[in-house]
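One-letter residues, chain by chain:
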Amino acid sequence: MGALLAKRLGQWLFPLPEGYAESGTSLEELRKEFRRWELWGLAAFLLGWAVCAFGVWCLLQGVALWNAGRYGPSVYHLCDTKMILALASLPVGIVSSGLLLSFGYYWLLQERYAQFIRYTNLTAGYDTNRFGTAISGLVGLLATVLILTSFSWHVVFRQEEVTFHSWCGLGTTTKRYSEVADIRTAPQLRAPNRRLVNRREYEIEFDDGSVWTTNFEPGNLSEKEKGELASFVSTRAKKPIRQLRILE
């Protein structure tokens, strides 16, 4: 379904010039020569995607940890080094693998490369070079947004206060533990679709009515780590952790 949609989109945005199919070697003849190159290329692309995405993810993790150090000393520092960075690594891996594959085709085919591009154009029914450039730009933009989001989303717990750095640096809020009105937890929580989820989470409510929850935090904490964090806030705020049946 996705491949068909991409094909329709490519044919609409980047159609081949009128008479293109009749202006050179036929698709049938080109298929005999380049079909196996296409199949090997697909396998190489998938392998390259996995390798490139993993490499980018490892690199971004290192940058994220370096970036976290810029926020100064803390007791608990929650920042994303896995979830969003993994999502960002996937599109970067796609673009990187696609570029490497194109260079590989150009190097291996040499003077036959133009004919191979003609084969891909005729097979797809649109200008694959222009389509690939557009997709690369779109994917690169998406990856940039995800990376900036991840690098700027931090929750920093210090001895006297906690600071929330929102996505993409759109705002920073600092709360003192004396402003904590309530700390609560439950073994179940109500998901947005109103279904019950069997997972222990914690909520910290402040005097102004704002609530921070471990259900949506950038640190990917384990249940034990979430409990330790809640206990720390409880001690600093001098507020007990209320046990509820369900977090609504």
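Residues numbered from 1 in each chain as written. Predicted model: local features only at pLDDT ≥ 70, side-chain atom pairs only at ≥ 80, totals over all residues. Heavy atoms only, no water.

Student: How should I be thinking about the overall build of the chain in this particular structure?
Tutor: Within the chain, the regular secondary structure consists of 6 helices and 10 strands. In terms of overall size, the chain is more extended than a compact globule, its C-alpha atoms giving a radius of gyration of 26 Å where 248 residues would be expected to give roughly 18 Å. Burial statistics for the chain: of 248 residues in total, 36% are counted as buried. Of the contacts formed within the chain by residues at least 6 apart in sequence, a portion of 67% connects residues at least 24 apart. Both charge centroids of the chain, one from 27 positive and one from 23 negative side chains, sit 4 Å from each other. (Helix = DSSP H or I, 4+ residues; strand = E, 2+ residues; numbered from the N terminus. Rg over C-alpha atoms; globule rule 2.2 N^0.38 Å. Buried < 20%, exposed > 50% of the residue type's maximum accessible area, 1.4 Å probe, protein only. Contact = heavy atoms within 4.5 Å. Lys, Arg positive; Asp, Glu negative; His and termini not counted. Charge placed at Lys NZ, Arg CZ, Asp CG, Glu CD.)

Student: What's the story with the confidence of the model for the chain in this structure? I'm lost.
Tutor: Close reading of the predicted structure is inappropriate where its pLDDT is low. Looking at the chain as a whole, the pLDDT averages 88, with 97% of positions reaching at least 70. Per-residue pLDDT, averaged within each element of the chain, yields its smallest value for helix H1 (residues 2-13) (77) and its largest for strand E5 (residues 180-186) (95). (pLDDT = per-residue confidence, 0-100.)

Student: What should I look at first to understand the sheet that holds strand E2 (residues 154-157) in this one?
Tutor: The strands that make up a sheet are held in pairs by hydrogen bonds between backbone atoms, and each pair lies either parallel or antiparallel. If you trace the 4 strands from one edge of the open sheet to the other, you get E1-E2-E3-E4, paired in antiparallel fashion. Of all the strands in the sheet, the pair left with one neighbour each is strand E1 (76-79) and strand E4 (172-176). Looking at each pair of strands side by side, their axes are set apart by 10° on average, direction ignored. Direction of pairing for E1 relative to E2: antiparallel, over a ladder of 4 bridges. Across the sheet, His77 pairs through a bridge with Val156, a residue of E2. (Pairing = 2+ DSSP bridges. Axes fitted to C-alpha atoms, helices over the stretch in contact; angles between N-to-C directions.)

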